[in-house]
Every structure is written in C-alpha cells, then in structure tokens.
Amino acid sequence: MGKFERKLIVLGAGWLGQALCLNRLQHNWQVQGTHRSAEHQEEFLRQFVLQNGQLIHQLDLENAWWVCAMPPRSRQPESNYQATLERSLRLAKAMNAQGFLLCSSTGVYDPSANIYDEASDITASGERQQRLIDAEQSVLNAGGKVLRLAGLVGPGREPGRFVAGKQLNSSSQQVVNMVHQQDVVNAIVTVLEQWQTAAPIYNVANPAHPSKADYYKQKCAQYGTPAPTFTSDVKAERIINGSAIESLGFNYQFDI
C-alpha cells in the first residue's frame, strides 16, 4: 500500500458514525458520511440508499477508508442490510478504497456463559446471529476487517436513564459487556492507521465487567432514577475479552 490517505467514508452517519465523522474532521481528514435522505444538515453528509435494487448515492471520495457503521436495527429481517453491504463493498472497490472496516457486534458470539475472544468458535443459534455472521463473512471475503462492538454507551445513551424502573428479562448476576462511543472511535482509527499489521477481527469491549445489578444500580443512582429489577438472580458470566486490540497500542480510556 502506498501513502496513507486521510480520507474517510462512513456508511451510516448515525449516533456512532457521526461521532467518527466529526472526530476525523477535527483532525483535518476529508470525510463523507452517509444517510438515507437527499437533504443534509451537515456539509459532510451524502445520500446513500438502496431502493428497488438500485443504489442511489452521492459519494465521490476516491482512495478513502470505508467504515460501515450502519446501526444494528438495520439488521432486522425486513431490512436490506446484507444487500446494501454487498453493494457497498463493490462500490468501495470501484472507488479504490484503502480498506473496508465493518462495525459488527459481540452478539455474534454464543449467548451462553463463557469467555469469548476472537478465536472462539461461532455457530449461529438464531436469525440475528446468522445475519451478523453473513455480514462479517462478506467483508472478510472482500479483504476487509471487522470490529465486534460490545454494548454502546456515551452521550445520549446513559444506562441510568434507559433502564430506569424497568424489569429486565435477564439475571441480576449477568455481567455487562459495554464500551464507550469514544473508545470505539479511537479503536476504528487505530485499525485504519495500522491496517497492514492489524488482525482481521477485533473485539472492542471495556475490560470492566460488573454484574448488571451493581452496574445499573450505580448508574441509576447517578441520575436519581429507580434501579431496574430482574427476572432471576442466576450467576451467568458471559464475558467478551476485548484485550487483543491493545497489541496495536490502543487503550481503553473511557469508563462505561
């Protein structure tokens, strides 16, 4: 690969994708971030949508890094997420992309209690898991890389607010696997900047894994909201090990 290009295309400039766009703009990168609309509130936004089998887009940034940050809800059965991803990969190749990075999910791992790292076996136990596997395989087959993200927290996604007073269909003794938005942005940049030496897949999950009861109790106390209740108290430690990416010099800096 030749000179490192400070150019970035972000597919899905939503909560995570827009944070990535703004971060790189602050570092004087050329950035284009996509959404479905033809009307834009930010100068860097571009339309990108698959309609009736036709890809409609306004992207024109050649030799850029591509990051797919389309949100998880896009992977619902009725969505055209996989078709959009495959068309994106073809377009990225045609536009001489430097590399293609997919933001996947640690939901790709088995839901049973265990410690999971990038070498763990993966077998689909449901439709959502299969869709994640299919998406990852498409990107890996095209020479891209994958980041498996834990549950996202950060601005506008404070756990003490979105679980307040709810009954959660899980055990109070399950551990949390979370990561802060800004750590994810930094992880993405780290992999792009070290593309040649980076592995094909990394987990991105904060090393802290408190129980759900302790974690949500603390978060709700910070906002003065009632703590959630749980349907059981069975011990269940499903831990995502996110340490491998630290070999690239990345460090988790933001509390969950």
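This section reports on the structure supplied with the text. Just so it is clear, the model here is predicted, and its values are computed rather than measured.

Some remarks on helix α1 (residues 15-26)
The end-to-end C-alpha separation of α1 is 17 Å, in line with the 16 Å expected for 12 residues at 1.5 Å each. When α1 is considered as a whole, its buried residues turn out to be L16, G17, A19, L20, C21, N23 and R24. N28, located one to two residues past α1, shows a positive phi value of around 65 degrees.

Some words on the nonpolar core
Core analysis: the biggest nonpolar cluster contains 42 residues, and L8, L147, I188, V191, L192, V204 and I245 have the highest contact counts within it. Of all the elements in the fold, those that place two or more residues in this core are β1 (7-11), α1, β5 (65-68), β6 (99-105), β8 (145-149), α5 (181-193) and β12 (201-204). Top contributing element to this core by residue count: α5, with 7 residues. Not counting chain neighbours up to four residues away, the residues in contact with V191 comprise L101, K145, L147, A198, Y202, I245 and L248. Formed by 23 residues, the second largest nonpolar core is a distinct cluster that contains L102, A135, V146 and I201.

Focus: the environment of V67
One can find V67 in strand β5. In sequence terms V67 and K145 are 78 residues apart; their C-alpha atoms lie 9.6 Å from each other. Dropping the residues within four chain positions of it, V67 is found in contact with L8, I9, V10, L11, L20, L101, C103, I188 and L192.

Let's talk about the sheet that holds β5
Judged by pairing direction, the sheet is mixed, and its 8 strands sit side by side in the order β4-β3-β2-β1-β5-β6-β8-β12 without closing on themselves. Single-partner strands in this sheet number two, and they are β4 (54-57) and β12. Strand-to-strand twist of the sheet, defined as the mean angle between neighbouring strand axes without regard to direction, takes the value 20 degrees. Relative to strand β3 (residues 45-51), strand β2 (residues 30-35) runs parallel, the two being bridged by 3 bridges. Paired with H35 across the strands is Q47, a residue of β3. The strands touched by α5 are β1, β5, β6, β8 and β12; relative to β8, the strand with the most contacts, the crossing angle is about 165 degrees.

A closer look at the packing of aromatic side chains
Applying the stated criterion to the full structure yields 7 aromatic pairs. Taking 5.3 Å as the distance between ring centres and 55 degrees as the angle between the ring planes, the aromatic pair formed by W65 and W195 counts as tilted. Of this pair, W65 sits in strand β5 while W195 is found in the loop between α5 and β12, placing the two residues 130 residues apart along the sequence. In this structure, W65 and W195 share a single accessibility class: buried. Taken together, the ring pairs in this structure connect F4, W29, W65 and W195 into an aromatic cluster. The ring of W195 has K145 sitting right over it, with the charged end atom 5.0 Å from the ring centre. Here the basic side chain of R157 rests over the ring of W15, its NZ or CZ set 4.2 Å away from the ring centre.

What counts, and at which threshold
- Residues numbered from 1 in each chain as written.
- Predicted model: local features only at pLDDT ≥ 70, side-chain atom pairs only at ≥ 80, totals over all residues.
- Heavy atoms only, no water.
- Helix = DSSP H or I, 4+ residues; strand = E, 2+ residues; numbered from the N terminus.
- Expected span 1.5 Å × (residues − 1).
- Buried < 20%, exposed > 50% of the residue type's maximum accessible area, 1.4 Å probe, protein only.
- Core = buried A, V, L, I, M, F, W, Y, C linked by side-chain atoms within 4.5 Å.
- Contact = heavy atoms within 4.5 Å.
- Pairing = 2+ DSSP bridges.
- Axes fitted to C-alpha atoms, helices over the stretch in contact; angles between N-to-C directions.
- Phe/Tyr/Trp six-rings, centres within 6.5 Å; stacked < 30°, edge-to-face > 60°.
- Lys NZ or Arg CZ within 6 Å of the ring centre and 35° of its normal.

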